[in-house]
Each structure stands twice: as structure tokens, then as C-alpha cells.
Amino acid sequence: MRYILSLDQGTTSSRAIVFDHEGAILSVGQMEFQQIFPKPGWVEHDPGEIWATQVAVATEALARGGLRPRDLAAIGITNQRETTVVWDRETGDPVYNAIVWQDRRTADYCERLKRDGHEDFIRDRTGLVIDAYFSGSKVAWILDNVPGARTRAEAGKLAFGTIDSWLVWKLTSGATHITDVSNASRTMLFNIHRLAWDEDLLKLLNVPASMLPDVRQSSEVYGRVSTTLGVGDVPIAGIAGDQQAALFGQMCVSPGLTKNTYGTGCFLLQNTGERPVASHNRLLSTVAWQVGGKTTYALEGGVFIGGAVVQWLRDGMGLIKTSADVEALARSVPDSGGVYLVPAFAGLGAPHWDPYARGTIVGITRGTTAGHIARAAVESIAFQVADLLDAVGDDAGIGLMELRVDGGAAANDALLQFQADLLGVAVVRPEVTETTALGAAYLAGLAVGFWDSTDALARHWRVARRFEPSKAPAEVAARRAEWAEALGRSKNWIAKGN
Ligand SMILES: Nc1ncnc2c1ncn2[C@@H]1O[C@H](COP(=O)(O)OP(=O)(O)O)[C@@H](O)[C@H]1O
Ligand SMILES: O=P(O)(O)OC[C@H](O)CO
């Protein structure tokens, strides 16, 4: 029997999961690594540690599954997106730490791009809104701030890559410098229509083309693991950014199918088929994957604080001991008692994009208890996702049939029931909720013939639990109107420039 190994390089941990031919998990390895915060708003990772932990968890997953490298048919890679690494092509040494997607150091630079009137142009070419979130301004920062970097880059001596590129480079001992279309579409340097690096954008951001990886499909053999690593010479055959991989792992493979991942933040993606949909609601239009020469696009909306509001109840407020305890506390009251919590702790993401918003709790009375606050916190996750879905529906014009869900907070039944109530459609939790790693495994397995077709994979996707809507539309409309009021009070709270 042979298996697929999925490397899932996330923001806070490196994971490796072995899947069998049925798409079931055989074994897992996981290791957290250091988050580096050199200044307020800056977030970095050590690329060496990312690599070391990723190799360690791969070895651990194989050992736990009682496997040797020759038992593997292929390796798939999925990764935190946008995070930027620049390294020396000769020595392989990074010239600076990885600048993480959450890092805000280039916010002023991005403001200038907007002021100079580049917003429409960048949205048309890349499908993105101008923001420090994406890789482009991060590469420019490294070239402008690391002594000698720009000269070396212009001489062709430096390489840029997102985390997938960095891992493939390391896995192949420097033989292969590539990325896939889904990761490339998050750089703000990539033309999502022509599926190529965009020369005008490279000029605007002053990034030399010689630094860039070759852009490949999400499912093809890119190279083989270098034998010097002692883990065999397994083909590396699938790559996708983590949210796109989750969309594939959830088998959202036809237009209209939609998933939401409830992690630290929430990422909602809808498959929009073979053409990018231009958003009028400040959602992102992005490449989902390219398989067998066919490109699939998605609309994406992300909110910054999803499960993290539960972490805040735990660590900031001390109301609960573990994240899972929130469900019992929220269920200790029949409703939120008129309390609304807007977790705009780091401003608001899609569709509002208000960096000046801050968190608020409204509707507190003398009778408000910790239970009401917990319930309002859980509900806030669902309200934000419902706002995202409204925006997606407006842009794509496709009615939602069901919402497929995954991520840590999708373990919360109360949250998913409330989500179904708000949306008026079923919310569906699959048996395998490791959909990110599964998606990358599928992409790799398809490339090497381990699986024949996407249709064959669709049979693996099985529902664990379905949450049906149970509230009257008028009641839902009233609750959403109150949420919108509360949201309005959190917006534009801090002074601009703070
Ligand atoms: N039962 C639960 N109810 C609500 N939130 C939860 C629950 N279990 C975990 N979480 C939240 O889910 C998040 C972790 O999910 P995970 O998918 O591992 O996140 P990430 O990949 O972003 O690190 C945390 O913010 C945690 O507070
Ligand atoms: O690593 P995650 O799961 O927090 O996902 C990060 C996203 O890819 C950022 O765009």
C-alpha cells in the first residue's frame, strides 16, 4: 500500500500528514515554531526554523505511520500564503527573516500606492486590494532595507519565494525554484488573467524579474526530494496556498461551492469557475488552482478575528480555561440577552476593510453575565461570516446551496447551528476536517496517477454532521440589523495615523 505525504506549513506550526488511498489520515506530525515580533505590527519567522520543523514533522509522521520514504507515492505542499522569503541563490542563506502575511510594516508604502492612484490598476491585474498583507511590498521592503540586497538582486544573485517556493528549494537542495499559480496570485506581482508575472507591476514595485520563481500548475511533478536529505527521492507533485488547498480538500470543485475555515481568522472561498469574478464588495479575486491545464478561480473574503475572539475570552478575560469551554458557557444562557460583541481588535477585514475600527461590546445591562458575553462572542464569528457571504453572493450572483466548514472553531456545534440559522442554508462539517492538508495530498496524488480524477476524489468527501437552519427569516433579519448597528459603532474608532 502506498501513501501521500502532505506538508502543511502554517502560520504557527508546521504539520505533516500521511493520507491513504481513501483520503483517510494514517499519521500526523506537528511542531510549533517561534513567532518573532521585532516591533509593534511586525511579524517574522526564521526560514531556517520553518525548514527544520517541516523536515522534523515529516520524519515524525512517517515514523508514526510505520512507513519508509519508498512507501510514499508523492509529496504535496500547502502553506501560509503571502509570507515572503528572499535568499541567496549560491549559499541558499536567507538575507532576512521571512516577513509574515500579518506584518504591517509596509502599510505606509501601500497607502502611497493608493494615493498615487494605482488601486484600480492593481485590482484589475491581480484581483487584490492594495494592502501590506500581500508579498509585493514585503519584497520591496527587503530590497530597500537589507544592506546590499538591491544590488545583489539586480545582479541575479537573490531569489524570492513564498513558503512553498522556499520548501521546494530546500527539498531539492537548490535545484528547483518554483511556485504554483495559487501562491503567485497572492504576491500582488502576478497577472491573474495572463497567469504570468506582470512587468508593469514589477516596475511599479521595483522588483527585479530575475528573483522570481517559475510559476507552475498546482498539480504536476516539479522535482524529486534530494537524496542527500535521507528521506528518499519522492516526487513533489502538488502545491497550493492553504486556503485554496482547503477549498480543494472540501471538494468545492464546481462553481458556487463554498467553504469557510474557522481558524484564528476566518477565510471564506467560493469557486467561481474558469473566470475571475471582479468584486464590487472589496473581496479578493484569486486563483484557486490549475490542474490539467485548466485554471479555476475563487472569490475570497477574510476576517481577522474568528476563533481568536475565543482565545481572547480565554487569555485576555480569563472567562474560560480552554477554547472548547466556550460552548458550554455560551449554552448556559438561552440567548445573548441583547449583547453584541464586535471583535474588531485589529480593525475590520473584508468586506469593510476599516483599519481604524476597534472592538466593542454593546447592549450590556445589569443582568448581563459571562454567559451572554461568551454567546455574543461565538455569534460574532457567525455574523462576520454571514456578512462575507452576502458580499460573495452579490459579486458572484450564485445562490448558496450549503456552506462547507473546517478549522479549529468548526468543532463548536453551537457556532455552526447559529451560522446555519443566520444563512438560511445548511452548514456542513465533513468527516475529515484536515481539509488543507487533504487538498494538497489530492493535488499531488492526481499528478502521479495515485488518483485518477477529481470525480474519483469527490466520493471520499463524507458529511459528519449537517446543521439545518431553524430560525424564522424575520427573527434572523432583526438580529442581523442589530449586528449591523453594533458594527457601525466599532467602525472608524481610532484616529487615523494611530
Ligand atoms: N470549540 C471551540 N469553539 C470556538 N473556538 C474554538 C474552539 N476550539 C478551538 N477554537 C478556536 O479555533 C482557533 C484554532 O483553530 P485552527 O484551525 O487550529 O487555527 P489556525 O490554523 O489559524 O492556527 C483558535 O482561535 C481557538 O480559539
Ligand atoms: O496559516 P493559516 O492557517 O493561519 O493561514 C494563513 C493564510 O494563508 C494567510 O493568507
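Residues numbered from 1 in each chain as written. Chains lettered and ligands numbered in written order. Predicted model: local features only at pLDDT ≥ 70, side-chain atom pairs only at ≥ 80, totals over all residues. Heavy atoms only, no water.

1. Details of the overall build of the chain
- Counting its regular elements, the chain contains 16 helices and 23 strands.
- For a compact globule of 498 residues, the expected C-alpha radius of gyration is about 23 Å, and the chain comes in at 22 Å, within 12% of that figure.
- Its C-alpha atoms give the chain principal-axis dimensions of about 65 × 55 × 40 Å.
- Contacts in the chain between residues at least 24 apart in sequence constitute 72% of all its contacts with a sequence separation of at least 6. (Helix = DSSP H or I, 4+ residues; strand = E, 2+ residues; numbered from the N terminus. Rg over C-alpha atoms; globule rule 2.2 N^0.38 Å. Contact = heavy atoms within 4.5 Å.)

2. Comments concerning the UniProt feature "binding site: glycerol" (unreviewed entry) in the chain
- According to UniProt, the "binding site: glycerol" (unreviewed entry) feature falls on Arg-81, Glu-82, Tyr-133, Asp-242 and Gln-243.
- Secondary-structure assignment places Arg-81 in the loop between β5 (72–79) and β6 (84–88).
- For Arg-81, a relative accessible area of 3% translates into the label buried.
- Sequence-distant contacts of Arg-81, that is, excluding residues within four places in its chain, are made with Trp-101, Tyr-133, Asn-183, Arg-186, Gly-241, Asp-242, Gln-243, Gln-244, Phe-267 and Glu-300.
- Relative to the assigned elements, Asp-242 resides in helix α9 (residues 242–249).
- The contacts of Asp-242, once residues within four sequence positions are left out, are Thr-78, Asn-79, Gln-80, Arg-81 and Thr-436.
- Polar contacts involving the side chain of Asp-242 include one to the side chain of Gln-243, which spans 3.5 Å. (UniProt positions renumbered as here; feature names shortened; annotations may be inferred. Buried < 20%, exposed > 50% of the residue type's maximum accessible area, 1.4 Å probe, protein only. Polar contact = N/O pair within 3.5 Å; in protein donor to acceptor, adjacent residues only side chain to side chain.)

3. Some remarks on the site of ligand 2
- Inspection of the region around ligand 2 gives Gly-10, Thr-11, Gln-80, Arg-81, Glu-82, Trp-101, Tyr-133, Asp-242, Gln-243 and Phe-267 as its neighbouring residues.
- In the model, an oxygen atom of ligand 2 is placed 3.0 Å from a nitrogen or oxygen of the Arg-81 side chain.
- Measuring from an oxygen atom of ligand 2, one finds a side-chain N or O atom of Tyr-133 at 2.8 Å.
- Coverage of ligand 2 by the protein amounts to 83% of the 310 Å² it exposes when considered alone.
- Looking at the shell around ligand 2 residue by residue, the classes come out as three nonpolar, four polar and three charged. (Near = heavy atom within 4 Å. Areas by Shrake-Rupley, 256 points an atom, 1.4 Å probe, with all protein chains shown as cover. Nonpolar A, V, L, I, M, F, W, Y, C, P; charged D, E, K, R; others polar.)

4. Let's talk about the site of ligand 1
- Among the 14 residues in the neighbourhood of ligand 1, the closest are listed as Thr-264, Gly-307, Ser-323, Gly-408 and Asn-412.
- Measuring from an oxygen atom of ligand 1, one finds a backbone N or O atom of Ala-308 at 3.4 Å.
- Protein chains bury 70% of the 580 Å² of accessible surface belonging to ligand 1 in isolation.
- The element contributing the most residues to the shell around ligand 1 is helix α10 (residues 308–316), with three residues.
- Of the residues that constitute the shell around ligand 1, the class distribution is five nonpolar, nine polar and no charged.

5. Considerations on the side chain of Arg-150
- Structurally, Arg-150 can be placed in helix α5 (residues 149–154).
- Given a relative accessible area of 16%, Arg-150 falls into the buried group.
- Within the structure, Arg-150 has its side chain in polar contact with the side chain of Asp-144 (distance 2.8 Å).
- Every residue in contact with Arg-150, bar those within four places of it in the chain, is listed here: Ala-140, Leu-143, Asp-144 and Asn-206.

6. Considering the environment of Lys-203
- By the secondary structure assignment, Lys-203 is in helix α8 (residues 199–205).
- When its relative accessible area of 67% is taken as the criterion, Lys-203 is described as exposed.
- C-alpha separation for the pair Lys-203 and Thr-172, spaced 31 residues apart in sequence, amounts to 30 Å.

7. Description of the packing of α9 against helix α14 (residues 435–447)
- At their nearest, the axes of α9 and α14 sit 7 Å apart, and the two run at 75° to each other. Taken as axis vectors, α9 and α14 run roughly perpendicular relative to one another. Mapping the contact onto sequence places Asp-242, Ala-245, Ala-246, Phe-248 and Gly-249 in α9 and Thr-435, Thr-436, Leu-438, Gly-439, Ala-440, Tyr-442, Leu-443 and Leu-446 in α14.
- Residue composition of the contact of α9 with α14, grouped by class: eight nonpolar, four polar and one charged. (Axes fitted to C-alpha atoms, helices over the stretch in contact; angles between N-to-C directions. Parallel < 35°, antiparallel > 145°, perpendicular 65-115°, else oblique.)

8. Points about the UniProt feature "domain: Carbohydrate kinase FGGY C-terminal" (unreviewed entry) in the chain
- UniProt annotation of "domain: Carbohydrate kinase FGGY C-terminal" (unreviewed entry) refers to residues 260–447 when read in the numbering used here.
- Helix makes up 36% of residues 260–447 and strand makes up 24%, while its end C-alpha atoms are separated by 26 Å.

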